[in-house]
Amino acid sequence: MSLWTLILQRILLMIATLFCVAVLTFLIVNVLPGDVAVAILGDQSTPDQVEALRQSMGLDQPILLRFGDWFGGVMRGDFGTSLTFGRPVGPMIWGRLLNSATLGVICLLVMIPVSILLGAVAAVTQGSVLDRAITAITTFLFGMPEYVLALGAMLIFAIWLQWLPGAAMVSPGENLFTQLDVIVLPVLVISLGGATYIIQMTRASMIDALGTAYVRTALLKGVPRWQVILKHALPNAMLPTLVEIGLSFGALLGGLVIIETIFNFAGVGQLMVMSVQSRDVPVLQACVLVIAAAYSVGSLLADIASMLLNPRLRT
Amino acid sequence: MSGAENAVLRVNDLSITYGHGDHAVHAVRNVTLSIAPGEAYGLIGESGSGKSTVAFSIMGHVVGGRVSSGSIQLDRRELLTMSPREWQDVRGNRIAMVYQDPMNALNPAFRLGAQVAETLIRHRGMSREDAWAKAVDLFRQVRLPDPEQLVNRYPHQISGGQQQRVVIAMAIACEAQLLIMDEPTTGLDITTEAHILELIADLRQRLGIAILFISHNLRVVAQVCDRVGVLYAGQMVEEGPADAVLQKARHPYTMGLNGSLLPISGEVRRLKPIAGRLPDLRQVPQGCIFAPRCAYATDQCRTMDPQIQVVGKRHVSRCMFSELVPPADRFIEMGSRHAPGDSVAPQLSVVDLDYSYARRGMPLPFLARKARAKALDRVTLAIRPGETLGIVGESGSGKSTLARCIAGLRSPDRGAVRLEGRRLEPLAGQRSREARQRVQIVFQNPDSSLNPLRTVGDIVGRPLGLYNVVPEEERRKRTIELLEMVNLEERYMTRYPRELSGGEKQRVNIARALGADPEIIICDEPTSALDISVQASVLNTLIDLRTQKDMAYVFITHDLGVVRYIADRVAVMYGGSVVETGRTDQVFSSPGHPYTEMLLNAIPDGTRGRKALLEVEDSRPKPIQGVGCVFADRCLQYRGRECDEVLPPVRLGQDGHMVNCHRALASA
């Protein structure tokens, strides 16, 4: 099976997955207790007012019909109108997506090379003080909830040392690169959290790879040790790590609910929390779709990278 | 122990220790050997003998251990004091190695050419293009087919035999002075082994390279090597010319090893295995290391270290006695067995069994399923009561799949397993308790087939409760009896699998199968993971049980010697089909199928430079299953289109001898 047919298959499967995600979110949102009309009008509203609003928003229609309407719109690139803001969802999410994506890419660029390096170093020096230090610190960070890390970092760098701003009050779509200092703390916290997985994964698979017979073969061919590590062990050891990295794509885009809230960063995660609170179904659905797509694209990229590294997958 | 003056390799008084303090294992003690230019030296030993440790120490690669004394010289240059930089110039360049398990020795992510070229670029300073061109040339030298194409392929795309040829090509790339081969044919199919051994002999002749050949197989070593050293528990116990050590062994351990060798011709006589087990090398006992297991040992043996004695021309032995007379009962005649005649109705039969791995799993959208060959193709067999049916075949022949289908662990696509004429449900879970009780199985890998959290008593006692064989209050007594049947004492009851040796674990597996009081035991390669001396005693146990309890065995193995030793009748499988069945003596003395002939020719017999195993020169297309003969592409009796396009007819000989071949039976 060639690389291209596999990519094509994966893209088709991805579309099927996203469709399932759309159906599921629609169903779940509709069985959730609470009503958008009540949420908008507040507790003091009369049943008549609620009913009138429901009718004007089309909420009295049968669920299948509403889903059909919504899905048809999505296929045309129209994600509907926000129930609480009354603005089209598309542009609303787009600006925040840009923010989140920029933050995510910067995090990946910082996190991946550093954690692979640390994981590999720990594996190569297995049992040494360095390895134990790396393992101890990653275990500590692994057990630390993200909000503690975030608040701790804020306390140290923004309040005590006053080196960096504590909040990232960027508006959706604003160019992040003009004010890089605001994203230093979010990047630091996110990378510290995400790196623990990748470091541990790299370390474990690197230790496996270093114990294989083909690494021994390379050593006993007279290849210098550092070359054996970089050329023979590392590429094979990267295979399990790649899956982890691929999944972190989605996490970076949508899983940052807490971080975005703490740093007041206008990203997709923050928008999603807001939409849940206000029962803003179209916005929530769009957010979930975008995040699911990010997960899918991430694992697709990881699979492609695995195929490039592992000939058994492509031949 | 003796050494030539101009030796390529000289290992002197080498001792290697793993671990520290009280837990230090003295794995290799005072080993001395030397190899002359162009000489092939065989190092024999069972697992735990330290043979691989010696081999890797010559490459400067002792992981987790250290050389505690001694020296290793290559061309009079000391290797043990070299810096890492100097080692890099020796490894792969002046000493090269060929490994057991070539699949894992090759990097799965690199093209084959690149792996060979890497050595050349490193040691010969070649450009990438030159190195790849040389790789093609090396591939041709090791007789790999279509070398220009093969350099661009990956390890998983070629067969095990071809992988080993690639490893050999890598090893001879820089014209090393010494080639270390660590069990190079272990794990390969017997015909592949024969081809690799031939290649090694051929390369030796052409390149004049010195070889250190490590193996547990005495016949293979005798076939390749000039001189042989026998290692036991980290000590060299005997050394001498290969044929002398194989035929006129002087050390009791070597004699025991020879006694455990399965006879491949002549009369089948009962094997005499070595009793006991390896000593604990944390506290090396005083006196002769082999004394606790030696039938000849005296009090003197247990207190004094035996000196090396010259027992023949360049033949030495570390035994106090210069002459040992084998006791008269060394060979006990096998109790005469008469397999039930043709007229007896089969107890278990397999009718038209088909099995394919292709259809397994959930169908996924857009994912095309690969067409796969059937693992079993219309397999029909019968086992009569009390009979031992041996099923032989190489890897991929479908023999283990057949065992699993009979035991109800896999559900066949078509066909049925019948017990006394009654059709059994395909899966064990659907079968009646009684049917499950009557057919038991012993698996190949004793390590993974025992629950590590249960004691031996729990494991063996389990089927007693499951099938209500004996009342509850007698279960313990019965469990002890079962252990005794497989020569394990009562004290094993409370032990856990990790405390047992490989042979003991397999005995526990057999006892567990016996616990159900079955009529038929399916043995799926039960001895292939064991050392030969252990194999001999496990086989003897199985033979004794069969006589006591009148059980039938379906004995699956790749080892023709084992089949010859234990089976009444034999079925030869190839490519998912049974190609020949018949009485064991009949099939061995007058094989009807060209594949059986090829197998029999491939058995290493220990004679130097034995006749070449013929290879099919022109490459024929792989036969399509169900259209022609499955063996058509490798057959030396190939007849052209008939073999490719017509299913071979069943040819009947005497006493139920059946052969599926276009060639007529010679005897019929």
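Conventions and cut-offs
Residues numbered from 1 in each chain as written. Chains lettered and ligands numbered in written order. Predicted model: local features only at pLDDT ≥ 70, side-chain atom pairs only at ≥ 80, totals over all residues. Heavy atoms only, no water. Helix = DSSP H or I, 4+ residues; strand = E, 2+ residues; numbered from the N terminus. Buried < 20%, exposed > 50% of the residue type's maximum accessible area, 1.4 Å probe, protein only. Contact = heavy atoms within 4.5 Å. Areas by Shrake-Rupley, 256 points an atom, 1.4 Å probe, with all protein chains shown as cover. Lys, Arg positive; Asp, Glu negative; His and termini not counted. Charge placed at Lys NZ, Arg CZ, Asp CG, Glu CD. Expected span 1.5 Å × (residues − 1). Bend = angle between axes of the 7 residues up to and from the residue. Pairing = 2+ DSSP bridges. Axes fitted to C-alpha atoms, helices over the stretch in contact; angles between N-to-C directions. Phe/Tyr/Trp six-rings, centres within 6.5 Å; stacked < 30°, edge-to-face > 60°. Lys NZ or Arg CZ within 6 Å of the ring centre and 35° of its normal. Core = buried A, V, L, I, M, F, W, Y, C linked by side-chain atoms within 4.5 Å. Buried area = accessible area lost by both parts, 1.4 Å probe. Salt bridge = Lys/Arg side-chain N within 4 Å of Asp/Glu carboxyl O. Polar contact = N/O pair within 3.5 Å; in protein donor to acceptor, adjacent residues only side chain to side chain. pLDDT = per-residue confidence, 0-100. Left-handed = near helix turned anticlockwise from the far one by under 90°. Nonpolar A, V, L, I, M, F, W, Y, C, P; charged D, E, K, R; others polar.

## Considering the overall build of chain A
- The helix and strand inventory of chain A stands at 14 helices and zero strands.
- When its helices and strands are written in sequence order, chain A yields α-α-α-α-α-α-α-α-α-α-α-α-α-α.
- Within chain A, the proportion of its 315 residues that are buried is 44%.
- Here the analysis covers contacts within chain A between residues at least 6 apart in sequence; of these, 73% occur between residues at least 24 apart.
- Approximately 15,400 Å² of chain A is accessible, and the part contributed by carbon and sulfur atoms is 71%.
- For chain A, the distance from the average position of its 15 positive side-chain charges to the average position of its 16 negative side-chain charges is 20 Å.

## Thoughts on helix 7 (residues 146-160) of chain A
All names here are of chain A.
- A rise of 1.5 Å per residue sets the reference length of helix 7, with its 15 residues, at 21 Å; its end C-alpha atoms lie 20 Å apart and thus fit the reference within 8%.
- Along helix 7, the sharpest change in direction is near 25° and occurs at Met154.
- Where helix 7 is buried, its residues contact helix 6 (129-143), helix 8 (181-210) and helix 11 (257-262).
- Looking one or two residues beyond helix 7, the residue adopting positive phi is Gln162, at roughly 55°.

## Looking at the sheet that holds strand 13 (residues 348-356) of chain B
Residue and element names in this part refer to chain B.
- If you walk across this open sheet you meet the four strands as 14-13-16-17, and the pairing is antiparallel. In this open sheet, the two edge strands, each paired with only one partner strand, are strand 14 (374-383) and strand 17 (422-423).
- In the sheet, strand 13 pairs with strand 16 (residues 414-419) via five bridges, with the strands oriented antiparallel. Residue pairing for strand 16: Asp354 is matched across the bridge by Arg414.
- Sheet contacts for helix 13 (residues 399-407): strand 13, strand 14 and strand 16; angle to strand 13, the most-contacted strand, approximately 120°.

## Comments concerning the pairing of strand 20 (residues 552-557) of chain B
Residue and element names in this part refer to chain B.
- Taken across its six residues, strand 20 has six buried, putting it largely inside the fold.
- Residues Ala552, Val554 and Ile556 point to one face of strand 20 and Tyr553, Phe555 and Thr557 to the other, with burial holding for every one of them.
- For strand 15 (residues 388-392) and strand 20, the ladder comprises five bridges, and the chain directions are parallel. Pairing of Ile391 across the sheet is with Ile556, part of strand 20.

## A look at helix 4 (residues 112-124) of chain B
Residues and elements named next belong to chain B.
- The end-to-end C-alpha separation of helix 4 is 18 Å, in line with the 18 Å expected for 13 residues at 1.5 Å each.
- Considered for burial, the residues of helix 4 that qualify are Leu112, Gly113, Gln115, Val116, Ala117, Glu118, Thr119, Leu120 and His123.
- Two residues or fewer after helix 4 comes Gly125, characterised by a positive phi angle close to 60°.

## Considerations on the packing of aromatic side chains
- Going through the model one piece at a time under the given rule, you end up with 14 aromatic pairs over all chains.
- Relative to Phe631 of chain B, the ring of Tyr574 of chain B has its centre 4.9 Å away and its plane inclined at 80°; by these criteria the two rings are edge-to-face. Residue Tyr574 of chain B is found in strand 21 (residues 569-574), and its partner Phe631 of chain B is found in the loop between helix 21 (594-602) and helix 22 (641-645); the two are separated by 57 residues along the sequence. A single burial state applies to Tyr574 of chain B and to Phe631 of chain B, both of which are buried.
- Pairwise contacts between aromatic rings join Phe19, Phe26, Phe67, Trp70 and Phe71 of chain A into one cluster.
- The positively charged end of Arg495 of chain B is found above the aromatic ring belonging to Tyr492 of chain B, 4.6 Å away from the centroid.

## What to know about the environment of Leu80 of chain B
Residue and element names in this part refer to chain B.
- Mapped onto the secondary structure, Leu80 falls in the loop between strand 5 (77-78) and helix 2 (84-90).
- The spacing of Leu80 and Gly70 is 10 residues in sequence and 8.8 Å in space, taken between C-alpha atoms.
- When sequence neighbours within four positions are dropped, the list of residues in contact with Leu80 reads Leu14, Val67, Gly70, Ser71 and Ile72.

## Focus on unusual backbone geometry
Residues and elements named next belong to chain B.
- For Arg314, which is not glycine, the phi dihedral falls at a positive 55°.
- One can find Arg314 in the loop between strand 11 (309-312) and strand 12 (315-317).
- Relative accessible area serves as the criterion here: at 43%, Arg314 is assigned to the partly exposed category.
- For Arg378, which is not glycine, the phi torsion reads 45° and is therefore positive.

## Re the nonpolar core
- Core analysis: the largest hydrophobic core is formed by 104 residues, its most contacted members being Ile58, Ile168 and Phe213 of chain B.
- A per-element tally of this core places helix 7 (residues 160-172) of chain B first, with seven residues.
- Not counting the four nearest positions on each side in its chain, Ile168 of chain B is found in contact with Val98, Val142, Met181, Ile196, Leu199, Ile200 and Leu203 of chain B.
- Counting 44 residues, the second largest nonpolar core, distinct from the first, contains Ala120, Ala122, Ala195 and Ile259 of chain A.

## Examining the interface of chain A and chain B
- Taken together, the 23 residues of chain A in the interface contact 28 residues of chain B.
- The contact between chain A and chain B buries some 2,500 Å² in all, and 61% of this surface belongs to carbon and sulfur atoms.
- Put simply, chain A and chain B have two salt bridges between them.
- Where chain A touches chain B, the interface holds 11 residue pairs in polar contact (both at pLDDT 80 or more).
- When residues of the side of chain A that touches chain B are traced back to their parent elements, those giving at least two are helix 1 (3-31), helix 9 (213-219), helix 10 (225-254) and helix 14 (311-314) of chain A.

## Concerning the confidence of the model for chain A
- For chain A, per-residue confidence averages 83 on the pLDDT scale, and 92% of positions sit at 70 or higher.
- Least confident of the elements in chain A is helix 2 (residues 36-41) of chain A, whose mean pLDDT is 69; most confident is helix 9 of chain A, at 95.

## Brief notes about the environment of Val228 of chain B
Residues and elements named next belong to chain B.
- Looking at the element boundaries, Val228 is found in strand 9 (residues 227-232).
- Its relative accessible area of 2% is what places Val228 among the buried residues.
- Apart from the residues within four sequence positions on either side, Val228 is in contact with Tyr41, Gly42, Ile44, Val221, Glu238, Glu239, Gly240, Ala242 and Val245.

## Focus: the pairing of strand 4 (residues 65-74) of chain B
Residue and element names in this part refer to chain B.
- Across eight bridges, strand 1 (residues 9-18) lies against strand 4 in antiparallel orientation. Across the sheet, Ser15 pairs through a bridge with Ser69, a residue of strand 4.
- Relative to strand 5, strand 4 runs antiparallel, the two being bridged by two bridges. Looking across to strand 5, one finds that Leu74 is bridged to Arg77.

## Focus: the pattern of salt bridges
Residue and element names in this part refer to chain B.
- Enumeration according to the criterion identifies 39 salt bridges over all chains in this entry.
- Its salt-bridge partner being Glu39, residue Arg227 comes within 2.7 Å of it at the nearest N-O pair. Taken together, the residues span a long stretch of sequence, with Arg227 in strand 9 and Glu39 in the loop between strand 2 (25-35) and strand 3 (40-44) at a distance of 188 residues.
- By relative accessible area, which is 4% here, Arg227 ends up buried.
- Glu39 sits in the buried class, given a relative accessible area of 9%.
- Residues participating in the shared-partner salt-bridge network are Asp354, Lys374, Asp377, Arg378 and Arg414.

## Considering the side chain of Lys505 of chain B
Residue and element names in this part refer to chain B.
- In this fold, Lys505 is placed in helix 17 (residues 502-515).
- Overall, the relative accessible area of 12% leaves Lys505 in the buried class.
- Once residues within four sequence positions are removed from consideration, Lys505 is found in contact with Pro446, Asp447, Leu450, Pro497 and Leu500.

## Description of the sheet that holds strand 10 (residues 235-241) of chain B
All names here are of chain B.
- Strand order in the open sheet made by the eight strands is 6-7-8-3-9-10-12-11, with mixed pairing throughout. Two strands close off the open sheet at either side, each with one partner strand: strand 6 (95-98) and strand 11. Averaged over all neighbouring strand pairs, the angle between strand axes comes to 20°, with direction disregarded.
- Across four bridges, the pairing between strand 3 and strand 9 is parallel. The residue of strand 9 that forms the bridge with Gly42 is Val228.

## Some thoughts on the packing of helix 5 (residues 89-124) of chain A against helix 8 of chain A
All names here are of chain A.
- The N-to-C vectors of helix 5 and helix 8 enclose an angle of 35°; their axes lie 6 Å apart at closest approach. Along this stretch, helix 5 crosses helix 8, giving a crossing that reads as right-handed.
- Class assignment for the residues of the contact of helix 5 with helix 8 results in 21 nonpolar, five polar and one charged.

## What about the side chain of Asp568 of chain B?
- Within the secondary structure, Asp568 of chain B sits in the loop between helix 19 (560-566) and strand 21.
- Within the structure, Asp568 of chain B has its side chain in polar contact with the backbone nitrogen of Thr388 of chain B (distance 2.8 Å).

## Details of the confidence of the model for chain B
- Averaged over every residue, the pLDDT of chain B is 87; the share at 70 or more is 92%.
- Per the prediction output, this complex has pTM 0.85; the corresponding ipTM is 0.84.

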